[in-house]
Amino acid sequence: MKLPSSFSPALLLRLALPLLPILALIGGRIWVDTQWNMPRMGFSLLLYFFFAAFLQRWAAVVATLALEGLLLNISYVKEAATSEPLLGVDLFEVGQGMALTGYMDWHIWAYALILFAALGYGLWRRPPLRALRLGMALLLCILVGMQLDRTGRMSAYAQPLMAQYLGSNYSNYNFRVNAKDNGILGHLLLTAETAHKPKAGQHQFYAQTLPPEANPSSPDIVVVMCESCYTEPRFATKMAELTQAGFTEARVISPVYGGGTAEAEFEALTGLSAYTLPGIDFQNFAGQFSDKISALPHALNDVGYTTIGMHNYFGTFWKRKTVYPKLGFEQIAFVDQMHWKRKDGWPKDQSLYKQALAHYHVAPAGKKQFMFLVTVNTHGPFIKQNDSGVGQYQERLDQAIDDFSAFTQQLEASAKKRKRDVVIVIFGDHKPGLNQEFFERGILDASFFSNRNPNNLQFKNILSNEQTRIRGDVPLFIKYSRHPEQAQAIAEKLQNRPLFCLPAELARLTNNTDPFFDAVAQRCASNDSFYTKDLWWRSVFPEAVYAERLFAETN
């Protein structure tokens with residue numbers, strides 16, 4: 001069959017030539033990691049388009065494969081030494097990279113030599129600059145720029161785009177899984193947000209503070225962060241029955257929804273907004289945090305409290321095993337020290353409370369106690385059984401509240417024997433991820449979602465401040481055994497405030513000497529900056545405060 005004159009062999013060859021390097025790039029993955037999933041190929045193509053803007057095409061192919069192989073092998077070296085793969089922040093930490101040079105093998109040197117040779121040859125044979133090539137190169141530059149945006153707002157756009165068009169799946173809870181799923185290039189781009197370490201500087205944060213409380217009672221303090229625990233009149237659960245047991249309810253605002261528990265934990269322990277640092281703060285900065293983070297546990301420990309942090313799941317999850325001692329917990333315990341029948345699913349909260357009571361019962365009578373307990377039994381996902389999953393959620397939440405109620409009864413009895421006052425707080429770390437249920441009950445309306453499929457509602461990438469506040473609304477219950485009126489006063493101070501207000505109020509029950517919590521209490525009392533404008537947290541907490549308190553850096 002004769003081809004039309006418009007499709008001559010010469011023209012077809014000309015059209016095919018640009019595709020040949022791309023096919024070679026895809027096939028060349030056999031020399032990198034022998035995997036061809038969509039994220040790997042997508043991020044490799046982005047890097048190729050970047051190189052092809054100023055290198056000869058075949059040199060761009062070699063440079064792409066060599067750079068990916070180089071980074072992958074460096075990641076292997078780091079993972080062998082630290083149990084963590086290469087991160088985006090590592091590309092900016094020259095000193096850290098130099099520490100690993102003694103472990104470099106011939107693979108790294110070989111890939112480096114191939115990369116430099118490809119760059120040299122490609123520049124020698126560089127093509128003329130053309131708009132199309134420059135435009136394709138800018139795709140990677142734009143994504144990198146969005147990920148490095150210090151406000152974090154651009155990455156809120158970038159990450160959904162990468163998931164939609166490149167097939168990426170950001171496992172921010174486990175960087176090893178993230179590197180495995182997305183390839184080293186995608187992994188590094190997704191973790192570029194870890195480069196945003198706050199800068200030290202001058203600030204006036206302490207210019208406005210509340211005076212310390214007169215004659216603080218310094219009670220024992222037990223805080224339970226309850227996984228996905230929720231209630232409100234339109235979505236009533238057994239948690240609401242805590243008011244019948246002497247608890248006072250308040251509504252507080254979590255920084256997360258449906259997941260990201262460690263962000264709520266960060267606010268409840270540090271008194272800082274989780275919005276300033278990008279991504280999951282514990283996960284991204286565990287290795288960079290100061291060995292003594294200025295947080296509630298340290299503040300209480302400094303004035304004589306025994307500080308205990310417990311979670312009935314693995315200590316490696318969200319890197320709690322690394323972060324908890326830095327926060328000031330003298331004693332920590334995770335699921336490996338508790339009873340767990342794995343065949344029953346998530347660990348029961350009863351095992352967590354049993355461990356906590358064992359510590360509390362043997363505490364010296366006059367020794368003040370602070371416990372922070374993180375539950376997990378009500379963790380999603382929730383299996384749909386001819387419903388949205390709400391049936392299984394309610395069933396597990398009922399058990400969680402029963403376990404908590406039994407725990408509080410034994411705790412109060414033990415406190416009475418020890419002749420100690422005790423303040424008990426329980427709050428939901430975030431709403432459960434039951435989008436359909438919240439939509440149908442009128443808690444979250446259609447304006448929150450980007451689609452109208454009730455069986456698969458997806459949130460818009462960017463919500464208004466008011467929508468973010470509503471989505472973050474969670475219940476908090478507080479009980480002060482001998483002073484219920486003080487529990488009521490604290491609940492009123494926390495009402496409709498961000499979660500970071502909680503540690504300020506708890507610290508002020510004690511004779512702590514950290515002025516930070518009095519300053520936070522002042523911002524929470526005025527309540528005039530929260531969720532009112534874009535980047536509102538910057539007007540509350542100067543970046544330099546994060547550098548001081550989390551990284552022990554001052555200017």
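Starting afresh in each chain, residues are numbered from 1 along the sequence in its written order. Only residues with pLDDT of at least 70 are given local features in this predicted model, and only at 80 or more are side-chain atom pairs given and counted; all residues enter the totals for whole chains, interfaces and linings. Heavy atoms throughout the structure, all of them, feed into the side-chain values; hydrogens and water do not.

Comments concerning the packing of helix α10 (residues 261-270) against helix α13 (residues 320-327)
Phase 1: Axis definition: a line fitted to C-alpha atoms, limited for helices to the stretch in contact. Angles are taken between N-to-C directions and run from 0 to 180 degrees. Helix and strand assignments come from DSSP, with helices taken as H or I runs of at least 4 residues and strands as E runs of at least 2, each series counted from the N terminus. Where α10 contacts α13, the two axes come as close as 12 Å, and the packing angle between them is 10°. Considering their axes alone, α10 and α13 lie roughly parallel with respect to each other. Side by side, α10 and α13 meet where Thr261, Ala262, Glu265, Leu269 and Thr270 of the first sit next to Arg320, Tyr324 and Leu327 of the second.
Phase 2: In this classification, the charged set is Asp, Glu, Lys and Arg, the nonpolar set is Ala, Val, Leu, Ile, Met, Phe, Trp, Tyr, Cys and Pro, and all remaining amino acids, among them Gly, are polar. Among the residues forming the contact of α10 with α13, the class breakdown is four nonpolar, two polar and two charged. If an angle is under 35 degrees, it is roughly parallel; if it is over 145, roughly antiparallel; if it lies from 65 to 115, roughly perpendicular; otherwise it is oblique. Contacts are residue-level and defined by heavy atoms, with any inter-residue pair within 4.5 Å sufficient.

Some details on helix α18 (residues 484-494)
Phase 1: What α18 keeps buried is the set Ala487, Ile490, Ala491 and Leu494. All buried residues of α18 project into a common sector of 100° when viewed along the axis, lining one side. Those residues of α18 that are exposed and angled more than 90 degrees off the buried face are Glu485 and Glu492.
Phase 2: For α18, the elements touching its buried residues are β2 (248-253), β7 (473-480), β8 (497-498) and α19 (501-507).
Phase 3: Where α18 ends, the next residue or the one after it, Asn496, has phi of about 60°, a positive value. Each residue gets one of three labels from its accessible area relative to the maximum for its type: buried under 20%, exposed over 50%, partly exposed in between, using a 1.4 Å probe on protein chains only. Of all possible arcs, the one meant is that of the directions from the helix axis to the C-beta atoms.

Topic: the packing of aromatic side chains
Phase 1: Pairing of aromatic side chains here covers Phe, Tyr and the six-membered ring of Trp, requires ring centres within 6.5 Å, and sorts the geometry by plane angle: under 30 degrees stacked, over 60 edge-to-face, intermediate tilted. Taken as a whole, this structure holds 46 aromatic pairs when the rule is applied.
Phase 2: With a centroid separation of 5.4 Å and an interplanar angle of 45°, the aromatic rings of Phe235 and Phe438 are classed as tilted. Taken together, the positions of Phe235 in the loop between β1 (220-226) and β2 and Phe438 in helix α16 (residues 435-440) put the pair 203 residues apart, joining distant regions of the chain.
Phase 3: A cation over an aromatic ring shows up here: Arg523 above the ring of Phe205, its NZ or CZ 4.2 Å from the ring centre. Either the NZ atom of lysine or the CZ atom of arginine qualifies as a charge over a ring when it sits within 6 Å of the ring centre and within 35 degrees of the ring normal.

Focus on the pattern of salt bridges
Phase 1: Basic side-chain nitrogens of Lys or Arg form a salt bridge, by our definition, when they fall within 4 Å of a carboxyl oxygen of Asp or Glu. Under the definition given, this model contains 20 salt bridges.
Phase 2: For Lys493, the salt bridge identified is with Glu213, shortest N-O distance 3.5 Å. Here Lys493, found in helix α18, pairs with Glu213, found in the loop between α9 (175-190) and β1; they are 280 residues apart in sequence, far enough to count as distant.
Phase 3: What makes Lys493 partly exposed here is its relative accessible area of 37%.
Phase 4: In this structure, the salt-bridge partner of Arg418 is Asp220, at a minimum N-O distance of 2.8 Å. Here the residue Arg418 occupies a position in the loop between α15 (390-417) and β6 (422-428), and Asp220 occupies one in strand β1, the gap between them amounting to 198 residues. The residues Arg418 and Asp220 share a single accessibility class, namely buried.

Quick look at the pairing of strand β3 (residues 306-311)
Phase 1: Most of β3 is tucked away, with six of its six residues classed as buried.
Phase 2: Side-chain alternation along β3 places Thr306, Ile308 and Met310 on one buried face and Thr307, Gly309 and His311 on a second face that is also buried.
Phase 3: Between any two strands, pairing holds if DSSP finds at least two bridges. With six bridges connecting them, β3 and strand β5 (residues 369-374) associate as parallel partners. Bridging across to β5, Ile308 finds its partner in Met371.
Phase 4: As paired strands, β3 and strand β4 (residues 331-333) are joined by three bridges and run parallel to one another. Note that in β4 the partner of Met310 across the bridge is Ala333.
Phase 5: For the handedness criterion, the strands are oriented away from the viewer, and a crossover whose path from the first strand over the helix to the second runs clockwise is classed as right-handed. On the question of chirality, the crossover connecting β3 to the parallel β4 by way of α13 is right-handed.

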